[in-house]
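Observations on the three-dimensional arrangement
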Amino acid sequence: MTKKEILGLTLEQMQDEFLALGLKKFRAEQVFRWIYEKGATTFEEMTNLSKENRSLLEGTYSILSGAVKVLRTYDSADRLTHKVLLGLSDGASVETVLMHHDYGYSACLSSQVGCAMNCTFCASGLHGFMRNLTAGEILAQLYYFDHVLLPKGERVSRIVIMGSGEPMLNLDNVLAALDLMHHDKGQCISYRNMTISTCGIVPGIEEMTRQGRTINLAVSLHAATGALRDRLMPINGKYPFPEVIDAASRYEKMNGRQVMYEYILLAGINDREEDARALAEALSGKECVVNLIPANPVPEKGFRRPEDRDVDRFFQYLKKRHINVTVRKEMGKDINAACGQLRASQLKEEQA
Ligand code: SAH
């Protein structure tokens, strides 16, 4: 019999299941803390449970299925970025990134295996969409960093859902995972230190506005004219960007946090002055910040990263028009840390 995976269960779910197993309700809180606060990966180490209870749980559940295998790890030359390809129980793989900043660690987690959005510059969709990740699999990515990789006592303090996949198309599992990371008997990470990035799925943004957490919202805009955005991001046909900006503004009014608009700069494609003008117009008067991302070239996709002076010109143009703007600090370029690149290169080698 395959055991049930316990990572990903909420406290309430554990309580119900433990009662059904004949355990006392308060045992659920003990196990919950062992798993989510202390990072236990065996029932054996849960010393405040009796031997009998431990073996009952051991026979019923697995923790992390033992199935999340580390297939590959890469460190950038400066040692500040660490990228891992995790193998899941069904043979799928997913990539996840840890970054060391001066304020601490942040983790960039994936939400799906592959991606269906087909943005022209992104490696995540190169091999199509495979499936959604479960809440446990999203948490497992953080677990690997907190409990395997980092020295004892050091923890990730910021979470960005900017790895592979479109989180708004797997919103229930993404939010379930973030709620567990946020839980005061778990990791206790504040929602304000979490960011979900979307290519612009309007119903997902609206659902988040209804649910009302203070999670930060990032929107991948990348173009501010219909024609160009249609070309770069097919999702623009379904949710045209002015509707996305409106939905994001409603979200910003709900949580009082500036929306971040990501804008990847592709040389000669969306980095011209007319592009900057369209962007400044689209965002004028909005509570937001634009994060410019000089493109990470993906060999299969055939585009270039602009020269630094072109990045600066674009940046200065927006500044002059009173748009808050930053240029993304690039990390891990030497280890293919752009979304989906690691998994795509592994799949390519397997096919070769
Ligand atoms: N699907 C979500 C989250 C994943 S992508 C979204 O679209 O926001 C995270 C960010 O990395 C997005 O802004 C995406 O457009 C960007 N990105 C994708 N490919 C890139 C590349 N080759 N170079 C730089 N950024 C890239």
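Anything mentioned here points back to the structure above.
The structure displayed is predicted, hence computed values, not measured ones.

Spatially, ten strands are ordered E3-E4-E5-E6-E9-E10-E11-E12-E13-E14 in an open sheet, and the strand pairing comes out mixed. The two strands at the open ends of the sheet, each matched to only one other strand, are strand E3 (69-75) and strand E14 (324-327). With direction set aside, neighbouring strand axes in the sheet form an average angle of 25 degrees. Sheet topology note: the strand E9 (residues 156-161)/strand E10 (residues 194-198) ladder contains three bridges and is parallel. The residue bridging Ile 159 from the neighbouring strand is Met 194, located in E10. Taken strand by strand, helix H5 (residues 171-182) contacts E9 and E10, and its axis lies near 170 degrees from that of E10.

Another aspect to go through is the pairing of strand E5 (residues 93-101). For E5, a buried count of eight out of nine residues is recorded, marking the element as mostly surrounded by other parts of the structure. Where strand E4 (residues 81-87) lies against E5, seven bridges are found, and the strand directions are antiparallel. Among the inter-strand pairings, Lys 83 is bridged to a residue of E5, identified as Val 97. What sits between the antiparallel neighbours E4 and E5 is a turn of five residues, in which Gly 91 has the positive phi angle 90 degrees. As judged from the five bridges shared by E5 and strand E6 (residues 104-108), these two strands associate in the antiparallel manner. What sits directly across from His 101, in E6, is Gly 104. Hairpin connection from E5 to E6: two residues lie between these consecutive antiparallel strands.

In total, this model carries four aromatic pairs according to the counting rule given. Ring geometry for Phe 32 and Tyr 36: centres 4.5 Å apart, planes at 55 degrees, overall tilted. One end of the pair, Phe 32, and the other, Tyr 36, are both in helix H2 (residues 25-37), four residues apart, so they sit about a helical turn from each other. Across from the ring centre of Trp 34, 4.2 Å away, lies the NZ or CZ of Lys 38, which sits over that ring. Positioned over the ring face of Tyr 317 is Arg 321, at 3.9 Å from the centre of the ring.

Ranked by size, the top nonpolar core spans 110 residues in total, and within it Ile 6, Val 31, Ile 35, Ile 159, Met 181, Tyr 261 and Val 290 carry the most contacts. If one sorts the elements of this core by residue count, helix H4 (residues 135-149) sits on top with eight residues. The two domains that each donate at least three residues to this core are domain 1 (6-63) and domain 2 (67-333). Counting six residues, the second largest nonpolar core, distinct from the first, contains Val 97, Val 160, Met 162 and Ala 218.

Our focus in this paragraph is the environment of Ala 278. Tracing the chain through its elements places Ala 278 in helix H9 (residues 273-283). Sequence-wise, Ala 278 and Ala 223 are 55 residues apart; in three dimensions their C-alpha atoms are separated by 8.2 Å. Not counting the four nearest positions on each side in its chain, Ala 278 is found in contact with Ala 224 and Thr 225.

The next subject is the pattern of salt bridges. A complete count under the given rule lists 18 salt bridges for this structure. Between Glu 137 and Arg 131 there is a salt bridge, with its nearest N and O atoms 3.0 Å apart. When sorted by exposure, Glu 137 lands in the same class as Arg 131, which is buried. Among the salt bridges present, the one from Arg 272 reaches Asp 275, with a minimum N-O distance of 2.8 Å. In this structure, a network of salt bridges that share partners links the residues Glu 29, Arg 33 and Glu 37.

Rules behind the numbers
- Residues numbered from 1 in each chain as written.
- Predicted model: local features only at pLDDT ≥ 70, side-chain atom pairs only at ≥ 80, totals over all residues.
- Heavy atoms only, no water.
- Pairing = 2+ DSSP bridges.
- Helix = DSSP H or I, 4+ residues; strand = E, 2+ residues; numbered from the N terminus.
- Axes fitted to C-alpha atoms, helices over the stretch in contact; angles between N-to-C directions.
- Contact = heavy atoms within 4.5 Å.
- Buried < 20%, exposed > 50% of the residue type's maximum accessible area, 1.4 Å probe, protein only.
- Phe/Tyr/Trp six-rings, centres within 6.5 Å; stacked < 30°, edge-to-face > 60°.
- Lys NZ or Arg CZ within 6 Å of the ring centre and 35° of its normal.
- Core = buried A, V, L, I, M, F, W, Y, C linked by side-chain atoms within 4.5 Å.
- Domains from an automatic or database assignment.
- Salt bridge = Lys/Arg side-chain N within 4 Å of Asp/Glu carboxyl O.

Any link to function would need more than the numbers given here.
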